[in-house]
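Here are the chains, one letter per residue:
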Amino acid sequence: MIAILRTLWVVSLDSYARDNGIDSERTEIDLANYLTSSINDIAPFDEACGYATCITEHPAPQPPGQAAVRCDWRITIDREAWQTARGIGRQAARRDLLAYLVGELYSLPSVCDTDAVMTATYNTGRGTVRRTFQPRGRRRARSDADPD
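For the structure given in this document, a descriptive report is provided here. (Residues numbered from 1 in each chain as written. Predicted model: local features only at pLDDT ≥ 70, side-chain atom pairs only at ≥ 80, totals over all residues. Heavy atoms only, no water.)

### As for the packing of aromatic side chains
We apply this condition: Think of it this way: a Phe, Tyr or Trp ring, Trp meaning its six-membered ring, pairs with another when their centres are within 6.5 Å, and the plane angle makes it stacked under 30 degrees, edge-to-face over 60, tilted otherwise. Secondary structure elements follow DSSP: runs of H or I of four or more residues count as helices, runs of E of two or more count as strands, with numbering from the N terminus.
This structure, assessed with the given rule, holds three aromatic pairs. Here the aromatic rings of Tyr106 and Phe133 are separated by 5.5 Å at their centres, their planes lie at 35°, and the arrangement is tilted. Of this pair, Tyr106 sits in helix H4 (residues 93-106) while Phe133 sits in strand S5 (residues 128-133), and the two are 27 residues apart along the sequence. One aromatic cluster is present, formed by Trp9, Tyr106 and Phe133 through successive ring pairs.

### Remarks on the nonpolar core
Here is the rule: In this description, a nonpolar core means a group of buried Ala, Val, Leu, Ile, Met, Phe, Trp, Tyr and Cys residues linked to one another through side-chain atoms lying within 4.5 Å. For every residue, the accessible area (1.4 Å probe, protein chains only) is compared with the maximum for its type, and the residue is labelled buried under 20%, exposed over 50%, or partly exposed between those bounds. Any pair of residues with heavy atoms lying within 4.5 Å of one another is described as a contacting pair.
Leu5, Trp9, Phe45, Trp73, Ile75 and Leu105 are the most contacted members of the largest nonpolar core, which totals 39 residues. Contributions of two or more residues to this core are made by strand S1 (2-12), helix H2 (27-38), strand S3 (66-76), H4, strand S4 (117-123) and S5. Here this core gets nine residues from one element, more than from any other, and that element is H4. In contact with Ile75, not counting residues within four places along its chain, are Met1, Ile2, Ala3, Leu5, Ile39, Phe45, Tyr51, Ala52, Leu97, Leu98 and Leu101.

### With respect to the sheet that holds S1
As a reminder of what qualifies: Being paired, for any two strands, means DSSP has found at least two bridges between them. The convention used is that axes are lines fitted to C-alpha atoms, helices contributing only their stretch in contact, and that angles between N-to-C directions extend from 0 to 180 degrees.
The strand order across the open sheet formed by five strands is S2-S3-S1-S4-S5, and the pairing between neighbours is antiparallel. This sheet does not close on itself; its edge strands, each paired only once, are strand S2 (51-54) and S5. Across the sheet, the axes of successive neighbouring strands diverge by a mean angle of 20°, strand direction being ignored. Bridge analysis of S1 against S4 gives six bridges, and the strand direction is antiparallel. Residue pairing for S4: Thr7 is matched across the bridge by Ala120. Most of the contacts of H2 go to S3, to which it runs at about 20°, and overall it touches S1, S2 and S3.

### A word on the pattern of salt bridges
Two side chains with opposite charge may pair up if their charged atoms get near one another. Quick note on the threshold: Salt-bridge detection follows one rule: a side-chain nitrogen of Lys or Arg within 4 Å of a carboxyl oxygen of Asp or Glu.
Taken as a whole and assessed by the stated rule, the structure comprises three salt bridges. Notably, a salt bridge pairs Asp96 with Arg86, separated by 2.9 Å at the nearest N-O pair. One end of the pair, Asp96, is in helix H4; the other, Arg86, is in helix H3 (residues 79-86), and ten residues separate them in sequence. Note on Asp96: relative accessible area 17%, which makes it buried.

### Some words on the pairing of S3
Where S1 lies against S3, eleven bridges are found, and the strand directions are antiparallel. Bridge pairing in S3 links Arg6 to Asp72. Bridge analysis of S2 against S3 gives four bridges, and the strand direction is antiparallel. When the sheet's bridge partners are listed, Ala52 is paired in S3 with Ile75.

Set out below in structure tokens:
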């Protein structure tokens, strides 16, 4: 199964830098590197031999005092392996995979205590889903079901 996952992260420079012990001017590059290196280690995505390739073509414009990081991925995974790992049926595999990945990405340790807002866009085969994750809903975001 192949899917495209597009994410846009916006975080204040000071919030990310303070929580990660870096200089604020390094926020954009540090966050982009962190997300890109972390996505392939998310269990059970990793256990099902999933692989995400960064396909971001254009960086996001940088608002004053914030880092805006666009991370777009081409997700490749064996459908049956994902179904087995998650205990789901064939029809739910794509929707479950993408919803699971965005929830886990937003809960990664280096962003979970920041003021980061993430907007994820992906196609489930039944239409395009656009979800925005905000700090006040972070705990709930990990277990949200897709709206469709």
